[in-house]
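This is what each chain is made of:
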Amino acid sequence: MAGLEARVQAVQERIRAAALAAGRAPESLTLIAVSKTQGADAVAAVAALGQRDFGENYLQEALDKQAALATLPLCWHFIGALQSNKTRAVAEHFSWVHTVDRAKLAERLSAQRPRALGPLKVCLQVKLDPEETKAGVAPEDLAALAEVVRGCPGLELLGLMALPAPRTGFEAQRESLARLTTLASALPPAAPVLSMGMSDDLEAAVAAGATHLRLGTALFGPRAPKRESTP
Ligand SMILES: *Cc1c(COP(=O)(O)O)cnc(C)c1O
């Protein structure tokens, strides 16, 4: 894991440089370490360097890691595809969910959120590019979904998330991501969190107004193909 510390430092430096280039305070950015397919040992090693927020895509794998790392004060973000049969575990075991894209999921998460944990922090996943995936609410349906989530007592609507089709070059990436910023500012009242920016477009995301960067490979190195959850 010798390379890990160097990668974490390099990422922190990239974020700082991107913030300064965009005229933004580096402290206005939260780094979510995307630890899908990484073992609990790798998460613990990054946590030991001061990283607190971790993002997971695959539910069972995430639950196994959370159990192995239960003594650490980590904040877990669910960023994977969300289906109805996963909402209870997400509501019970995560602080944030970034992939709410339909009213039914919101209502289930709210009903299933243990009250003692306080509201589940929610970002609505917006589909910016029609071809990419099925996930995400269409921009024209966003305001109605936000209204539903705001009415859910177990949820706190914090912002928007996007996973746009990959683009090459800073300006193309920035323009693409800025669509999310525009949609967020049109939501009355504005939702402050913009969850966007991955290893290949973090500079553009910061320039476009991202607040929460979701970085995997830049931190952990290349991912092995997805496996069944490992010990
Ligand atoms: C895997 C993943 C990331 C991180 O991607 P990298 O390119 O490894 O930084 C971010 N967001 C989501 C939703 C992901 O699935």
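The structure under discussion appears in the preceding block.
Residues numbered from 1 in each chain as written. Predicted model: local features only at pLDDT ≥ 70, side-chain atom pairs only at ≥ 80, totals over all residues. Heavy atoms only, no water.

Draft legend 1. Seen up close, the overall build of the protein chain. Secondary structure assignment for the protein chain yields nine helices and eight strands. Taking 17 Å as the expected radius of gyration for a compact globule of 231 residues, we find that the protein chain reaches 17 Å, a close match to that expectation. Dimensions of the protein chain, computed from the C-alpha atoms along their principal axes, are close to 50 × 40 × 30 Å. Residues counted as buried form 52% of the 231 residues belonging to the protein chain. (Helix = DSSP H or I, 4+ residues; strand = E, 2+ residues; numbered from the N terminus. Rg over C-alpha atoms; globule rule 2.2 N^0.38 Å. Buried < 20%, exposed > 50% of the residue type's maximum accessible area, 1.4 Å probe, protein only.)

Draft legend 2. Main features of unusual backbone geometry. The backbone of Thr37 sits at a positive phi, close to 70 degrees, despite the residue not being glycine. Tracing the backbone through its elements, the reader meets Thr37 in the loop between β1 (30-34) and α2 (40-48).

Draft legend 3. Summary view of the site of the ligand. Taken together, 13 residues are adjacent to the ligand, and Lys36, Asn57, Ser199, Thr217 and Arg223 come closest. Ser199 is positioned with one of its side-chain polar atoms (N or O) 2.5 Å from an oxygen atom of the ligand. Thr217 is positioned such that a nitrogen or oxygen atom in its backbone is 2.8 Å from an oxygen atom of the ligand. For the ligand, whose accessible area on its own is 390 Å², the fraction buried by protein is 91%. In a pocket analysis with a 2 Å cut-off to the grid points, the ligand is assigned to the largest pocket. For the shell around the ligand, a count of residues per class yields six nonpolar, four polar and three charged. (Near = heavy atom within 4 Å. Polar contact = N/O pair within 3.5 Å; in protein donor to acceptor, adjacent residues only side chain to side chain. Areas by Shrake-Rupley, 256 points an atom, 1.4 Å probe, with all protein chains shown as cover. 1 Å grid on protein atoms, 1.4 Å probe; cavity = no way out; pocket = protein on both sides within 12 Å on 5 of 7 lines; lining within 4 Å. Sits in = over half its atoms within 2 Å of the grid points. Nonpolar A, V, L, I, M, F, W, Y, C, P; charged D, E, K, R; others polar.)

Draft legend 4. Quick look at the pattern of salt bridges. Within the structure shown, the criterion is met by nine salt bridges. Between Arg174 and Glu171 there is a salt bridge, and its shortest N-O distance comes to 2.6 Å. Pair noted here: Arg174 and Glu171 are both in helix α7 (residues 170-185), with a separation of three residues, about one helical turn. A relative accessible area of 24% places Arg174 in the partly exposed class. Residue Glu171 is classed as partly exposed on the basis of its relative accessible area of 39%. The structure contains a network of salt bridges with shared partners spanning Glu56, Glu61 and Lys65. (Salt bridge = Lys/Arg side-chain N within 4 Å of Asp/Glu carboxyl O.)

Draft legend 5. Representation of helix α5 (residues 103-112) within the structure. Within the span of α5, buried status applies to Leu105, Ala106, Leu109, Ser110 and Gln112. Where α5 is buried, its residues contact α4 (87-93), β4 (96-100), β5 (120-126), α6 (142-150) and β6 (155-162). (Contact = heavy atoms within 4.5 Å.)

Draft legend 6. The side chain of His212, seen in detail. Along the chain, His212 falls in strand β8 (residues 212-215). In this structure the side chain of His212 is engaged in a polar contact, spanning 2.8 Å, whose partner is the side chain of Thr211. Excluding anything up to four places from it in sequence, His212 contacts Thr30, Ile32, Trp96, Val193, Leu194, Ser195 and Met196.

Draft legend 7. Region of the structure containing the environment of Leu215. Within the secondary structure layout, Leu215 lies in strand β8. For the pair formed by Leu215 and Ala111, sequence separation is 104 residues and the distance between their alpha carbons is 30 Å. Residues contacting Leu215, with those up to four places away along its chain left out, are Val11, Ile15, Leu31, Ile32, Ala33, Val34, Gly197, Met198, Ser199 and Leu202.

Draft legend 8. Up close: the environment of Val8. Counting through the fold element by element, Val8 comes out in helix α1 (residues 2-21). Distance in space between the C-alpha atoms of Val8 and Val46 is 7.6 Å, their sequence separation being 38 residues. Beyond its immediate sequence surroundings of up to four residues, Val8 is in contact with Val46, Leu49 and Leu219.

Draft legend 9. The layout of surface pockets, seen in detail. By volume, the largest pocket is sized at about 660 Å³. Residue lining of the largest pocket: 33 residues in total, with Lys36, Leu163, Pro164, Met198 and Arg214 positioned closest to the centre. At the level of elements, β6, α7 and β8 are the ones that each hand at least two residues to the lining of the largest pocket. Considering every element that reaches the lining of the largest pocket, the biggest residue donor is α7, with three residues. Of the residues belonging to the lining of the largest pocket, the class tally is 14 nonpolar, eleven polar and eight charged. Considering only enclosed or pocket space, the second largest pocket measures out at about 190 Å³ in volume. (Points joined across faces, edges and corners; volume = space filled by probe spheres on them.)

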